[in-house]
Amino acid sequence: MRALLLALVWPVILAGQAGDTAARPIGLDEAIRLAQRYAPLAVAARGQLETSSEAVRASYAAFVPSLSVNAVRSYVSPTGGRVENGRLVNLPNWASTDGLSSNVNLFDGGRRFYNIGTAKANVGAAEANEVAQRFTVALTVQQAFFNALAARESEGAALAQLQQAQEQLKQANARVAAGAATRSDSLRSVIAIGNGQLALLTARNNLTAANAALTRLVASPFQVTASSTDTIGLATVASDSVALAALAARGPAVLQAEAQQTAARSFARAARTPYLPSLDVSYGLAGSGSDLAYGLSNPFNYTNSLRFTLSYPIFNQFQREQARVQADVAAANADATLRDARLAAQQTLVQNLGSLHTAQQRVSIQLASVAAAEEDLRVQQQRYAVGASTLLDVLNSQTTLNQARAALIQARYDYRVAKAQLEALIGRPL
């Protein structure tokens, strides 16, 4: 029996020692910070914000005249020459040209103003998206972190289950040796040890998987695990539904939808500017000659030109109409998206608050259930030791305690996840 017990427990001990030394503990705040720095979603959101900010500057620059310079040197194959002072002089083989040009639009129906509004709205949407992605990443990290915590709590519960089964085996062996119980009690205790071993192996495997997921999210070159200091207690969340509803109404998803609506409406107004004429002015300065120094040693003859251009497309194959309809449809879609985002925020708030309050009550109830189950198991073990109870009663109490512990671990996990989901919804920590 001892050999069988050792064969059951020894692999679990070795696996536990290997798993404990393989991963480095990391705090939740540090894990979130690292993930928000390296996660592809967060990197893409920051890139979108940078691109949108640059688009605002480009929209303002549309009011500034463009300026360009050019210098051209071309080779000309000689075709003959001329006589100067009795000597034949070949024609130059190179021709040089330089110039300067500038152009600015004086009137375009207001398109540039609308483009500025669209660009600013896109910046607002990008800012809201960046906040949303940061909290989305934080939620993903928190779920992986809480999975690791739950696996570690399950590991502790499995260890307690295994230790209790080992103590029960000792009592069963003692009663069998004294003739007060049958050998079936010892065999059932061995089965209970096997169940404890399986529970411990499952918990450690879940912990290893959770550690791997957490390591990937934080982009760590080495294996990390949730710090044990984060397993103590549960944070208290203010349950003022009115205040939370106000925060949810200004959450990242709603703010992003509002900015997208503003951009779509501005774009729709810009789509109507082609129905107005446009006025451009351009200036050019150009000179040419055979001077290889582009007119510095032998000045060119320069010409200046100032041109005003007024244009209005009378018919352009209904391209204006198509652009206007597309912009109006995009604006209507943005209105519907904003309306749905506000309703979705209310719905998600109600669901997350319900999950949070339910999980909080479950934690309190399961704490009491675990305490009652532990006391019941202690009483049954004492009764079994004096022959006033059967091993089946002890095993039933043990099963009840194991279920209560598992339910407590799940309730704690659900509470933590519900809190993280609320933070992602409102875009700020609670």
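Residues numbered from 1 in each chain as written. Predicted model: local features only at pLDDT ≥ 70, side-chain atom pairs only at ≥ 80, totals over all residues. Heavy atoms only, no water.

On to helix α2 (residues 28-38), then. Buried within α2 are the following residues: Leu28, Ala31, Ile32, Leu34, Ala35 and Gln36. Buried residues in α2 make contact with β1 (24-26), α3 (40-61), α4 (111-177) and α5 (183-218). (Buried < 20%, exposed > 50% of the residue type's maximum accessible area, 1.4 Å probe, protein only. Helix = DSSP H or I, 4+ residues; strand = E, 2+ residues; numbered from the N terminus. Contact = heavy atoms within 4.5 Å.)

Moving on, we get to a nonpolar patch on the surface. Nonpolar side chains collect at one region of the surface, where Leu106, Phe107, Leu276, Tyr283, Leu306 and Phe308 lie side by side and expose about 600 Å² of accessible area between them. If you list the elements that add at least two residues to the nonpolar patch, you get β5 (94-107) and β8 (301-311). Mapped onto the elements of the fold, Phe107 is located in strand β5. Residue classification places Phe107 among the partly exposed residues on the basis of a relative accessible area of 38%. (Patch = residues over 30% accessible without salt bridge, like charges linked within 9 Å, V, L, I, M, F, W, Y side chains within 5 Å. Areas by Shrake-Rupley, 256 points an atom, 1.4 Å probe, with all protein chains shown as cover. Salt bridge = Lys/Arg side-chain N within 4 Å of Asp/Glu carboxyl O.)

Strand order across the open sheet formed by four strands is β2-β5-β7-β8, with antiparallel pairing between neighbours. In this open sheet, the two edge strands, each paired with only one partner strand, are β2 (66-75) and β8. Here the strands of the sheet are splayed against their neighbours by 15 degrees on average, with no regard to which way each runs. Pairing of strand β7 (residues 278-289) with β8 involves 11 bridges; the strand directions are antiparallel. Note on β8: the bridge partner recorded for Ala286 is Thr303. (Pairing = 2+ DSSP bridges. Axes fitted to C-alpha atoms, helices over the stretch in contact; angles between N-to-C directions.)

Below, the discussion takes up the packing of aromatic side chains. Within the structure shown, the criterion is met by four aromatic pairs. Ring centres 6.3 Å apart and planes at 40 degrees place the aromatic pair Phe300 and Tyr302 in the tilted group. Judged by relative accessible area, which is 38%, Tyr302 ranks as partly exposed. Ring centres of Phe315 and Phe318 lie 5.2 Å apart, and the angle between their planes is 90 degrees; this geometry places the pair in the edge-to-face category. As far as burial versus exposure is concerned, Phe315 and Phe318 are alike and both exposed. Lying across the ring of Phe222, Arg24 places its NZ or CZ 4.0 Å from the centre. Sitting over the face of the ring of Tyr275, Arg320 holds its NZ or CZ atom 5.1 Å from the ring centroid. (Phe/Tyr/Trp six-rings, centres within 6.5 Å; stacked < 30°, edge-to-face > 60°. Lys NZ or Arg CZ within 6 Å of the ring centre and 35° of its normal.)

Right, let's talk about helix α9 (residues 391-426) for a bit. If you check α9, its first and last C-alpha atoms are 53 Å apart, about what 36 residues at 1.5 Å a residue would give, namely 52 Å. Just downstream of α9 lies Gly427, where phi reads positive at about 75 degrees. (Expected span 1.5 Å × (residues − 1).)

Another point: the environment of Ala203. Take Ala203: it is sitting in helix α5. What makes Ala203 buried here is its relative accessible area of 3%. Along the backbone, Ala203 and Leu159 are 44 residues apart, and their C-alpha atoms lie at a distance of 9.8 Å. Non-local contacts of Ala203, meaning those with residues more than four positions away in its chain, are made with Ala151, Ser154 and Glu155.

What follows is about the packing of α4 against α5. With their axes 7 Å apart at the nearest point, α4 and α5 run at an angle of 165 degrees to one another. Taken together, the axes of α4 and α5 are roughly antiparallel relative to one another. The element α4 and its partner α5 pack so that their crossing is left-handed. (Parallel < 35°, antiparallel > 145°, perpendicular 65-115°, else oblique. Left-handed = near helix turned anticlockwise from the far one by under 90°.)

This model, assessed by the stated rule, comprises 15 salt bridges. The partner of Arg112 in a salt bridge is Asp108, and the shortest N-O contact between them spans 3.3 Å. Residues Arg112 and Asp108 agree in their burial class; the two are buried. Across the pair Lys419 and Glu423 runs a salt bridge, and its minimum N-O distance is 2.8 Å. Placement of both Lys419 and Glu423 in helix α9 is noted, with a separation of four residues, approximately one turn of the helix. By the burial criterion, Lys419 is buried, and Glu423 matches it. Connected via shared salt-bridge partners are Arg250, Glu258 and Arg342.

With their axes 9 Å apart at the nearest point, helix α6 (residues 241-249) and helix α8 (residues 319-385) run at an angle of 140 degrees to one another. Between α6 and α8, the angle is such that the two are oblique. Note on packing geometry: the crossing formed by α6 with α8 is right-handed. Only Ala345, Leu349 and Leu353 of α8 make contact with α6, whose side of the interface consists of Ser241, Leu244, Ala245 and Ala248. Within the contact of α6 with α8, the residues separate by chemical class into six nonpolar, one polar and no charged. (Nonpolar A, V, L, I, M, F, W, Y, C, P; charged D, E, K, R; others polar.)

Moving on, we come to unusual backbone geometry. At Ala219, a position not held by glycine, the phi torsion is positive, near 55 degrees. Structurally, the position occupied by Ala219 is in the loop between α5 and β6 (224-226). Its identity is not glycine, yet Gln317 carries a phi of approximately 60 degrees, on the positive side. Mapped onto the secondary structure, Gln317 falls in the loop between β8 and α8. Take Gln317: its relative accessible area is 55%, and that puts it in the exposed class.

Formed by 30 residues in total, the largest nonpolar core has its most connected members in Val141, Phe145, Phe146 and Leu214. In terms of residue count, α4 provides more of this core than any other element does, 12 residues in total. Residues within four places of Val141 in sequence aside, it is in contact with Ala31, Ile32, Ala35, Leu214 and Leu217. (Core = buried A, V, L, I, M, F, W, Y, C linked by side-chain atoms within 4.5 Å.)

Here Ala418 lies in helix α9. Residues Ala418 and Ala359 lie 59 residues apart in sequence; the distance between their C-alpha atoms is 8.2 Å. Apart from residues no more than four positions distant in its own chain, Ala418 is found in contact with Asn352, Ser355 and Leu356.

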